[in-house]
Amino acid sequence: MMPGTRYPPMAIWAAREIQRHAGRSMLLFACLASLVFLIATALLFSQALDATWARLLDQAPDLVVRRIDGGGWAPIPADDAVAFAKRVPGVLDPTPRLWGVVPGPGGPVTVVASIAVVPANVLNGIKPPMTGQAVVGQGVARALSDSRLNLGSRQSLTVNVVDILPADTGLATHDLVWMTPEDARHLLGLAPGQASDLAVRLFRREEEQAIQADLAAAFPWPVRITERTASALRHHTRAVRLGGIAVVAGIPALLALLLIITGTILDNTGQRAHWGLLKSLGWTTADIVRLQVNRAMIVGIPAVMLGLASAYAAVFYPPAAGVTAFWITGGQHLAELTLVRSGASVIMLEIAALVGLPFLAAVFLTSVRTAARSPWTMLQADPWN
Amino acid sequence: MELNTGMACRRLDFRWPGRRTDEPLVLESVEVKFSPGTVSLVTGDTGSGKSTLLHLLAGLLRPTAGEVWADGLPVSRWPSRHRDPWRQQVGIVFQHLALIPDLTVGENLLLPMIPRQIAWSRMQEEILRQLADADLSALADAPTSALSGGQRQRLAIARALVARPRFILADEPTAFQDDCHAAQIRAQLCHAAHEGAVVVICSHDPRLRASDAIDRRYHLASATLTESSANR
Amino acid sequence: MNPEPRTLTMQIPPEERNPRQPAPCHGARRLLMVAVSASVLLGLATAADLLLRVAPQDDGGASIWMKAMTLSAPALWTAGSPQRHPETVHPGVDLRFSAGLMTAP
């Protein structure tokens, strides 16, 4: 079987033309692939980051109630606060939180204590800390020289680090120091029975705004209520801004595309004599344009596909994704990012169109303009004349 | 004038575009008909306008006045979008050959066939046939740049004939050939004419002027084309 | 004598009867085949991965710990910053003239 019969002769000849200008074609392929890779990586990363943050924030409490006084925030009586919150219809599972920010050996750390028992499936083999012990996140562990951790606030406390939280939980636990409620209260200067604030879940999340007034009125002291959606919006804005910055940073890449297009135009102009010969041999303007578009597609489509696939792998496949996260965030190690199928598909299609269409349009328009000239005029540029 | 078949010039004038109108014409009132099945030879001094006449007949140039008719159609008046596809019926041999040096001999022959919607296998068969006729079968895979002048010229003729065009226009087709190959080229062109093609040759070559294979002879001088009945 | 060989010849496709091609363009056809198959493979691989990742991904347990510790925000900013602890933002008057500085800790 002759394989040539599988492809139209015009496509075979377009491939032959690519072979004739192998260096230029390789350069074009590399430029297109890297341009697509750079833009797609940045946009897919910001979109995946947005999805990952949204997924994490989905686990955050809907509302956080903090008691305030003239000097700022004040500790909250845990049992009373739970009782007051439960009176408000639509409030689920009010949980007093014990947490605070204290100076650690490598900078401020987030001290947390869980009043409730942490389920075994969460612990996954990690022993909960006993009095005088702490379980720390990767960021805190890195700053330790031995297993003793000195934390200083109103009161100073030295705890023995008995375990380190897994690296893949880093998005939530990187700077955490998990200790017993007694140690946390001692460190944060809280009296027994007091908590830092009260976390609340709602029966209907969409009531987040509406329920705040009822909730504030249910407490006998002034409170400040922060909502999850405000935080989620801030994170979303930040992710979008990151994507925007990436696109702005992609301007040089777009300039590179412009250069590619200019190169293509110059290439076409240089081929005027060749096209004049083709016309004298019976090629029409449409044939020449078809040849050039075929040629552009044989180089362009694999380049765009390679750029997109590499960007996809660089963002969503762990070993490469770690490198990408390190590169884009300037040193952070992120766990695997969340893939939102529709969002990623739209971004990839958009980028394919953003790069592919101007390229094909440039090839098409310049080819039409040059090939439509009189064959005699074009032949005059040939080396034989 | 009967304009139904073949190729004809009707009061054809040509002056290079951009030249002043008081400058002499390159071709003036050319009135000629080239019939199918005949081999016509146009002779003339260097610079007399023979190549220009061929380019006008091939639809590469437009006449300043008058018309070129092909098979009863005024092709010189046609816009490019109609004239370009018509050019598929023309096989032209340039004086400078215009081969693509980095392509192989076979690939140069493939060039006119690509846009003609012919099956790949048939293209290869046609190329094989032309290579055999041009005595180039052993050189199918050789790059054109490796050929001698005579071989290149035979390749240019093969390229003009490979798609079996209706009109064959050859500019100095035997200039670099030995007697044997010149006779071979004459035979090729005669064969094409016998198959119904219109063959117009512009040449200085005395071997062609003396050849019996030429059916009609014309002489171009002072921008005017005249038919000469004599063989010399 | 035996008409079979002629019959056989008629059945062989013209390409195989005449295997010699004067302008085969082998390299060009290989290039075209590589370009088409690479594009299709890359496209299919990406599309398949997109489609097959239907189940929510494991984010390494970060969200489980977020829930277990009732954390308000992921650890993407340093401890003490308002992004890390949005509940600590002071309930002061909104300073409208400080546009652009809102992200400062």
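Note that this is a predicted model, so its numbers are computed, not measured. (Residues numbered from 1 in each chain as written. Chains lettered and ligands numbered in written order. Predicted model: local features only at pLDDT ≥ 70, side-chain atom pairs only at ≥ 80, totals over all residues. Heavy atoms only, no water.)

## A short note on empty space enclosed by the protein
Here is step 1: All told, the structure shown has 3 cavities of 30 Å³ or more when counted by the stated rule.
Here is step 2: Computed from the structure, the largest cavity encloses a volume of approximately 70 Å³.
Here is step 3: Lining the largest cavity are Ala60, Pro61, Asp62, Leu63, Val64, Thr226, Glu227, Arg228 and Ser231 of chain A together with Ser72, Pro86 and Glu87 of chain C.
Here is step 4: Put simply, the parts of the chain that give the lining of the largest cavity at least two residues each are β1 (63-69), β12 (223-227) and α9 (228-249) of chain A. (1 Å grid on protein atoms, 1.4 Å probe; cavity = no way out; pocket = protein on both sides within 12 Å on 5 of 7 lines; lining within 4 Å. Points joined across faces, edges and corners; volume = space filled by probe spheres on them. Helix = DSSP H or I, 4+ residues; strand = E, 2+ residues; numbered from the N terminus.)

## So, the sheet that holds strand β1 (residues 7-14) of chain B
Residues and elements named next belong to chain B.
Here is step 1: On the basis of which strands lie adjacent, the open sheet formed by 3 strands has the order β2-β1-β4 and antiparallel pairing. At either end of the open sheet lies a strand with only one pairing partner, and these are β2 (27-34) and β4 (65-70). The sheet shows a mean angle of 10 degrees between the axes of neighbouring strands, direction not considered.
Here is step 2: Here β1 runs beside β2; their pairing, made up of 5 bridges, is antiparallel. When the sheet's bridge partners are listed, leucine 12 is paired in β2 with valine 30. (Pairing = 2+ DSSP bridges. Axes fitted to C-alpha atoms, helices over the stretch in contact; angles between N-to-C directions.)

## Some remarks on the interface of chain A and chain C
Here is step 1: Contacts between the two partners involve 79 residues from chain A, matched on the other side by 56 residues from chain C.
Here is step 2: Of the roughly 5,800 Å² buried between chain A and chain C on both sides combined, carbon and sulfur atoms contribute 67%.
Here is step 3: Across the salt bridge formed by aspartate 175 of chain A and arginine 84 of chain C, the nearest N and O atoms sit 2.6 Å from each other.
Here is step 4: Our enumeration of links across chain A and chain C arrives at 9 residue pairs in polar contact (both at pLDDT 80 or more).
Here is step 5: The residue inventory of the side of chain A that touches chain C, partitioned by class, reads 46 nonpolar, 18 polar and 15 charged. (Contact = heavy atoms within 4.5 Å. Buried area = accessible area lost by both parts, 1.4 Å probe. Salt bridge = Lys/Arg side-chain N within 4 Å of Asp/Glu carboxyl O. Polar contact = N/O pair within 3.5 Å; in protein donor to acceptor, adjacent residues only side chain to side chain. Nonpolar A, V, L, I, M, F, W, Y, C, P; charged D, E, K, R; others polar.)

## Some thoughts on unusual backbone geometry
Here is step 1: If you check the backbone angles, aspartate 93 of chain A has positive phi at about 55 degrees while not being a glycine.
Here is step 2: With respect to the helices and strands, aspartate 93 of chain A occurs in strand β4 (residues 91-104).

## Some remarks on the pattern of salt bridges
Here is step 1: Counted according to the given criterion, the structure contains 25 salt bridges over all chains.
Here is step 2: Across the salt bridge formed by aspartate 62 of chain A and arginine 228 of chain A, the nearest N and O atoms sit 3.4 Å from each other. Here the residue aspartate 62 of chain A occupies a position in the loop between α2 (22-57) and β1, and arginine 228 of chain A occupies one in helix α9, the gap between them amounting to 166 residues.
Here is step 3: Among the residues examined, aspartate 62 of chain A registers a relative accessible area of 2% and is labelled buried.
Here is step 4: Taking the relative accessible area as the measure of exposure, arginine 228 of chain A reaches 12% and is therefore buried.
Here is step 5: Its salt-bridge partner being glutamate 126 of chain B, residue arginine 164 of chain B comes within 3.2 Å of it at the nearest N-O pair. Here the residue arginine 164 of chain B occupies a position in the loop between α5 (149-161) and β6 (167-171), and glutamate 126 of chain B occupies one in helix α4 (residues 120-133), the gap between them amounting to 38 residues.
Here is step 6: Relative accessible area serves as the criterion here: at 8%, glutamate 126 of chain B is assigned to the buried category.
Here is step 7: Through salt bridges with shared partners, a single ionic network connects Arg122, Glu126, Arg129, Arg164 and Glu195 of chain B. (Buried < 20%, exposed > 50% of the residue type's maximum accessible area, 1.4 Å probe, protein only.)

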